[in-house]
Amino acid sequence: GTSTFRDGTFVETGDVLNAQALFTGIQKRVLSKNFRGGKTSAIFGGTEIDLSQADIADGAILNVEVAFGGVKLVVPPHWDLQINVSNIFAGIEDKRMYNPNVADSTKVLKIYGSIIFGGLEIKSF
């Protein structure tokens, strides 16, 4: 996938995300209409991934590794999230405006990984 830098944000056009923040903060906006997942890590840093304009064709798997940092995901409200993350001294918050009537079982994002002394925040806008 290709990545372009616009307005302080890396814009990803590929189907697989790779976002590594080490002692820094990064923002990425994913535009793929066939998002497959990928990896994001925040080690003593922060990552913000905007998936609000992305789409899933047949399931996506995102691997999240956080240590002393934070990951913020902006996810469409109708996506079905399955979070299976081991966390130690960590918090996971799903702050999406959830409407069970719009959940789409074909748009499944599975989130795996580990969070140590950090946080994962999920929003819908």
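Just so we're clear, the structure is a prediction, and the values are computed from it rather than from any experiment.

The rules we used
Residues numbered from 1 in each chain as written. Predicted model: local features only at pLDDT ≥ 70, side-chain atom pairs only at ≥ 80, totals over all residues. Heavy atoms only, no water. Salt bridge = Lys/Arg side-chain N within 4 Å of Asp/Glu carboxyl O. Helix = DSSP H or I, 4+ residues; strand = E, 2+ residues; numbered from the N terminus. Patch = residues over 30% accessible without salt bridge, like charges linked within 9 Å, V, L, I, M, F, W, Y side chains within 5 Å. Areas by Shrake-Rupley, 256 points an atom, 1.4 Å probe, with all protein chains shown as cover. Core = buried A, V, L, I, M, F, W, Y, C linked by side-chain atoms within 4.5 Å. Buried < 20%, exposed > 50% of the residue type's maximum accessible area, 1.4 Å probe, protein only. Contact = heavy atoms within 4.5 Å. Polar contact = N/O pair within 3.5 Å; in protein donor to acceptor, adjacent residues only side chain to side chain. Phe/Tyr/Trp six-rings, centres within 6.5 Å; stacked < 30°, edge-to-face > 60°. Pairing = 2+ DSSP bridges.

(A) Inspection of the pattern of salt bridges at higher detail. Under the counting rule described, the total for this entry stands at six salt bridges. Taking the shortest distance from any N to any O, the salt bridge between D58 and R36 comes out at 3.9 Å. Of this pair, D58 sits in the loop between strand 6 (46-50) and strand 7 (60-67) while R36 is found in the loop between strand 4 (25-30) and strand 5 (37-43), placing the two residues 22 residues apart along the sequence.

(B) Representation of a nonpolar patch on the surface. A grouping of L22, F23, F44, F68, I88, F89, I116 and F117 is seen on the molecular surface, where their side chains present a nonpolar patch of about 870 Å² in accessible area. Mapped onto the elements, F23 comes out in the loop between strand 3 (16-22) and strand 4.

(C) Layout of the nonpolar core. Ranked by internal contacts, the top residues of the largest apolar core, which has 26 residues, are F35, L51, L73, W79, L109 and I111. Listing elements by their share of this core, those giving two or more residues are strand 3, strand 4, strand 7, strand 8 (70-74), strand 9 (79-94) and strand 10 (104-123). Broken down by element, this core gets its largest block of residues, five residues, from strand 10. Contacts of L73, omitting those with residues within four sequence positions, involve I49, L62, I111, L120, E121, I122 and K123.

(D) Main features of the side chain of E121. If you trace the backbone, E121 turns up in strand 10. Separated by 3.4 Å, the side chains of E121 and K95 make a polar contact. Setting aside chain neighbours within four positions, we find E121 in contact with V71, K72, L73, E93 and K95.

(E) Local environment of the packing of aromatic side chains. Applying the stated criterion across every chain yields a total of four aromatic pairs. By way of ring pairs, the aromatic residues F23, F44, F68, F89 and F117 are connected into one cluster.

(F) Fine view of the pairing of strand 6. The sheet contact formed by strand 4 and strand 6 spans five bridges and is parallel. Residue pairing for strand 6: R29 is matched across the bridge by D50. Of the strand pairs in this sheet, strand 6 and strand 8 are connected by five bridges, and their pairing is parallel. In the sheet register, D50 faces strand 8, and the bridge partner there is V74.

(G) Highlighting unusual backbone geometry. The backbone of F89 shows a phi angle near 50°, a positive value even though the residue is not glycine. Mapped onto the fold, F89 is located in strand 9. F89 gets classed as exposed once you look at its relative accessible area, which sits at 64%. At F117, a residue that is not glycine, the phi angle is positive and equals roughly 50°. By the element assignment, F117 lies in strand 10.

(H) Molecular detail of the environment of K28. Mapping K28 onto the fold places it in strand 4. Along the sequence, K28 and E12 sit 16 residues apart, while their C-alpha atoms lie 6.8 Å from each other. Contact partners of K28, with chain neighbours within four places excluded, come to T9, F10, E12, L17, N18, A19, E48, I49 and D50.

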